[in-house]
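Coordinates in review
Spelled out, the chains give:
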Amino acid sequence: IEALLADPAYAGHPLREALDELWRQTQEQMARIERVTQISDAYQSMALKREQGLYERFDRQLRRLSRIARISDHYQSMMRDLNQTLEETARRDPLTGLFNRRALMEMIRRQVQRSARTGQGFVVAMLDVDHFKSVNDRYGHDTGDRVLVELANVLLQSIRATDQCGRWGGEEFLLLLPDTSLTAAQPALDRVVAGVRALSVGVGDETLRLTVSVGMADHRLGETFSETLSRADQALYLAKHDGRDRVALSAGQS
């Protein structure tokens, strides 16, 4: 825990302050336990010398150690749960709750390794909100953030249980479709585009509507995950260039 708190990589993490406070309280609590234990030890030592034999002294000591062990087990379990929560939170985008870029990259790496073993392909889709800058400029960043949260909900409702979805950065999202070909991915991504098109966000007396552009690429055996992502990004550029609000393939794919 101390190493985690000292790591500058987590300096701005939303749970760092809570973890630091919990760790401080834990240390204070353990110090109190130690002081109480010392007082208890002193009292028991005097009483046992007067009244108890060797067997009873041993039995008392054993019970005291058992209580301390239970306390220790409780705090260790609590720290394990907190560590698991912190690890999961570190994989999530704080605004949308979707997986963040680091978690997505690790998932894609694993998919590349799995694909090399099994020969099963997968599809990566890069998704970008059309004209998102104008949303921030006209309605403000709070509305822009609300739009991204609403969009994240649409994405989660549109993908399969086996698919993964995350925020790649800014208004850009990434979809990972395991064991999927481009042919099978096309209608799935068309549904995503249609779902976003049907989304309406109320802003005062106005209704804000969105569209997204999507670029997709299938992983080719032998290429790195960076190369697959690069082709998906190229496809996203084509979708933007061809008029937005659509799904496009990278050059050379059909």
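Keep in mind that this is a model prediction, so the values were computed, not measured.

1. Some words on helix α6 (residues 141-158)
- Under the 1.5 Å per step criterion, the end-to-end length of α6 is 25 Å for 18 residues, consistent within 8% with the ideal 26 Å.
- Residues of α6 that are buried: T143, G144, V147, L148, L151, A152, V154, L155 and S158.

2. Thoughts on unusual backbone geometry
- If you check the backbone angles, H131 has positive phi at about 55° while not being a glycine.
- Of note, H131 is situated in the loop between β1 (122-129) and α5 (132-139).
- Within the chain, R244 stands out as a residue other than glycine whose phi angle is a positive 65°.
- For R244, the position within the fold is in the loop between α8 (225-241) and β7 (247-249).

3. Comments concerning α5
- All of the buried residues in α5 are F132, V135, N136 and Y139. Across the axial projection of α5, the buried residues extend over an arc of 100°, all falling on one side. The exposed set on the far side of α5, more than 90 degrees from its buried face, consists of K133, D137 and R138.
- On its buried face, α5 sits against β1, α6, β4 (200-203) and β5 (206-209).
- Backbone geometry just downstream of α5 places G140 in the positive-phi region, at approximately 100°.

4. With respect to empty space enclosed by the protein
- On inspection of all chains with the given rule, the structure shows two cavities of 30 Å³ or more.
- Estimates place the volume of the second largest cavity at around 30 Å³.
- In terms of lining residues, the second largest cavity is bounded by S158, I159, D163, L175, L177, A188, L189 and V192.
- Breaking the lining of the second largest cavity down by element, the ones donating at least two residues are β3 (172-178) and α7 (182-197).

5. Here's the deal with the packing of aromatic side chains
- Summed over all chains, the structure comprises zero aromatic pairs.
- The ring of F99 has R92 sitting right over it, with the charged end atom 4.0 Å from the ring centre.

6. A word on the packing of α5 against α6
- Between α5 and α6, the shortest axis-to-axis distance is 7 Å and the interhelical angle comes to 140°. Considered as vectors, α5 and α6 are oriented oblique to each other. Of the residues in α6, those touching α5 at F132, V135, N136 and Y139 are H141, T143, G144, V147 and L148.

7. Focus: the pattern of salt bridges
- Per the counting criterion, the structure on display carries 17 salt bridges.
- Residues E28 and R24 are paired through a salt bridge, measuring 2.4 Å at the closest nitrogen-oxygen approach. Remark: R24 and E28 occur in helix α2 (residues 16-51); sequence separation between them is four residues, near one turn of the helix.
- By relative accessible area, which is 32% here, E28 ends up partly exposed.
- Residues joined in a network through salt bridges with shared partners are E21, R24, E28 and R32.

The rules behind these values
- Residues numbered from 1 in each chain as written.
- Predicted model: local features only at pLDDT ≥ 70, side-chain atom pairs only at ≥ 80, totals over all residues.
- Heavy atoms only, no water.
- Helix = DSSP H or I, 4+ residues; strand = E, 2+ residues; numbered from the N terminus.
- Expected span 1.5 Å × (residues − 1).
- Buried < 20%, exposed > 50% of the residue type's maximum accessible area, 1.4 Å probe, protein only.
- Arc of directions from axis to C-beta.
- Contact = heavy atoms within 4.5 Å.
- 1 Å grid on protein atoms, 1.4 Å probe; cavity = no way out; pocket = protein on both sides within 12 Å on 5 of 7 lines; lining within 4 Å.
- Points joined across faces, edges and corners; volume = space filled by probe spheres on them.
- Phe/Tyr/Trp six-rings, centres within 6.5 Å; stacked < 30°, edge-to-face > 60°.
- Lys NZ or Arg CZ within 6 Å of the ring centre and 35° of its normal.
- Axes fitted to C-alpha atoms, helices over the stretch in contact; angles between N-to-C directions.
- Parallel < 35°, antiparallel > 145°, perpendicular 65-115°, else oblique.
- Salt bridge = Lys/Arg side-chain N within 4 Å of Asp/Glu carboxyl O.

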